[in-house]
Amino acid sequence: MIIDIPEGKDPIGYVWGEMVPGIGVAASNFSLAVYSHSTLGLREFEAARLRIAQINGCLFCLDWRTDRNGEKVEESFADDVTEWRTTESFDDRTRMAAEYAERYALDHHDLDDEFFARMKTLYSDAEIVELSMCLGSWLAFGRLNHVLGLDAVCVLPGHTAQQ
């Protein structure tokens, strides 16, 4: 971790809540809203989230599995996300979510009319906006936590780390 954390302080709470409370609290609320208010299916949500985690290298995000009313993706899902182009485990929407996440993170300038024409056959405009906001949250905050070395100690507020 590259940030000095006072002894006895929770690193995430300190950095996000105390160091920059005007920004960190708002960012935390946005991050929590992504999980609390998403209308996307669990598999497409997790495919996009995990692809961003793989690209960011965020340790916590790689280990995390979103729980929706006791339902989580299967253990092998992260491997399928890595192989999103060829896995037989994904339907078209899940595969598109993984592709969008990868292109959004690695070459957003290459998101052209052809790509969005394909995407619009599977997702509504509102779903595209929602997924884009989710991707922005994961890309920004996962990278922030990884760059600052917080990803090894990160826990979403209101949740416990998943093993």
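Look up a bit, the structure's there.
Computed from a predicted structure; not experimentally measured. (Residues numbered from 1 in each chain as written. Predicted model: local features only at pLDDT ≥ 70, side-chain atom pairs only at ≥ 80, totals over all residues. Heavy atoms only, no water.)

**What about a nonpolar patch on the surface?**
Item 1. Residues Met19, Val20 and Ile23 make up a contiguous nonpolar surface patch of about 280 Å² in total accessible area.
Item 2. Mapped onto the secondary structure, Val20 falls in the loop between α1 (11-19) and α2 (21-37).
Item 3. Of the residues examined, Val20 reaches a relative accessible area of 39% and is grouped as partly exposed. (Patch = residues over 30% accessible without salt bridge, like charges linked within 9 Å, V, L, I, M, F, W, Y side chains within 5 Å. Areas by Shrake-Rupley, 256 points an atom, 1.4 Å probe, with all protein chains shown as cover. Salt bridge = Lys/Arg side-chain N within 4 Å of Asp/Glu carboxyl O. Helix = DSSP H or I, 4+ residues; strand = E, 2+ residues; numbered from the N terminus. Buried < 20%, exposed > 50% of the residue type's maximum accessible area, 1.4 Å probe, protein only.)

**Regarding the nonpolar core**
Looking at soluble globular proteins, one finds that nonpolar side chains tend to be buried together.
Item 1. With 24 residues, the main nonpolar core has Met119, Leu131, Leu135 and Trp138 as its most contacted residues.
Item 2. Broken down by secondary-structure element, the contributors of at least two residues to this core are α2, α3 (42-56), α6 (92-106), α7 (113-120) and α8 (125-147).
Item 3. Residue contributions to this core peak at six residues, all from α8.
Item 4. Leu42, Trp84, Phe90 and Ala98 belong to the second largest nonpolar core, which has ten residues in total. (Core = buried A, V, L, I, M, F, W, Y, C linked by side-chain atoms within 4.5 Å.)

**Structural notes on the pattern of salt bridges**
Item 1. Taken as a whole, this structure holds twelve salt bridges when the rule is applied.
Item 2. Put simply, Glu18 and Lys9 hold a salt bridge, and the shortest N to O gap is 3.0 Å.
Item 3. Since its relative accessible area comes to 36%, Lys9 is described here as partly exposed.
Item 4. With a shortest N-O distance of 2.9 Å, Arg43 and Glu74 are connected by a salt bridge. Of the two residues, Arg43 is situated in helix α3 and Glu74 in the loop between α4 (59-63) and α5 (77-82); the sequence distance between them amounts to 31 residues.
Item 5. Here Glu74 falls in the partly exposed class, since its relative accessible area comes to 32%.
Item 6. Among the charged side chains, a salt-bridge network with shared partners connects Glu99, Arg103, Asp110, Glu114 and Arg118.

**Quick word on the packing of aromatic side chains**
Item 1. Tallied over the full model, the rule gives ten aromatic pairs.
Item 2. The ring of Phe45 is capped by Arg68, whose NZ or CZ atom sits 4.8 Å from the centre of that ring.
Item 3. Across the ring face of Tyr123, the terminal group of Arg93 is positioned such that the distance to the ring centre comes to 4.1 Å. (Phe/Tyr/Trp six-rings, centres within 6.5 Å; stacked < 30°, edge-to-face > 60°. Lys NZ or Arg CZ within 6 Å of the ring centre and 35° of its normal.)

**Focus: the packing of α6 against α7**
Item 1. Between α6 and α7, the shortest axis-to-axis distance is 11 Å and the interhelical angle comes to 150°. Here α7 runs roughly antiparallel to α6, going by the angle between their axes. The handedness of the crossing between α6 and α7 is left-handed. Together, Met96, Glu99, Tyr100 and Arg103 of α6 and Phe115, Phe116, Arg118 and Met119 of α7 make up the contact between the two elements. (Axes fitted to C-alpha atoms, helices over the stretch in contact; angles between N-to-C directions. Parallel < 35°, antiparallel > 145°, perpendicular 65-115°, else oblique. Left-handed = near helix turned anticlockwise from the far one by under 90°. Contact = heavy atoms within 4.5 Å.)

**Side note on α2**
Item 1. Counted at 1.5 Å a residue, the expected span for α2 with its 17 residues is 24 Å, and the 23 Å between its end C-alpha atoms agrees.
Item 2. For α2, the complete set of buried residues consists of Gly24, Ala27, Ser28, Ser31, Val34 and Tyr35. For α2, the arc enclosing every buried residue in end-on projection is 115°, short of the 170-degree limit, so these residues lie on one face. In α2, the exposed positions that point more than 90 degrees away from the buried face belong to Gly22, Ser36 and His37.
Item 3. In this structure, the buried side of α2 is in contact with α1, α3 and α8. (Expected span 1.5 Å × (residues − 1). Arc of directions from axis to C-beta.)

**Here we look at α6**
Item 1. The end-to-end C-alpha separation of α6 is 21 Å, in line with the 21 Å expected for 15 residues at 1.5 Å each.
Item 2. Along α6, eleven of the 15 residues are buried, which leaves the element largely enclosed by surrounding structure.
Item 3. For α6, every residue scored as buried is listed here: Arg93, Thr94, Met96, Ala97, Ala98, Glu99, Tyr100, Ala101, Glu102, Arg103 and Ala105.
Item 4. Where the residues of α6 are buried, they touch α3, α5, α7 and α8.
Item 5. The N-capping residue of α6, defined by a side-chain oxygen 3.2 Å from the backbone nitrogen of Arg93, is Asp91. (Polar contact = N/O pair within 3.5 Å; in protein donor to acceptor, adjacent residues only side chain to side chain.)

This is a description of form; function is not addressed.
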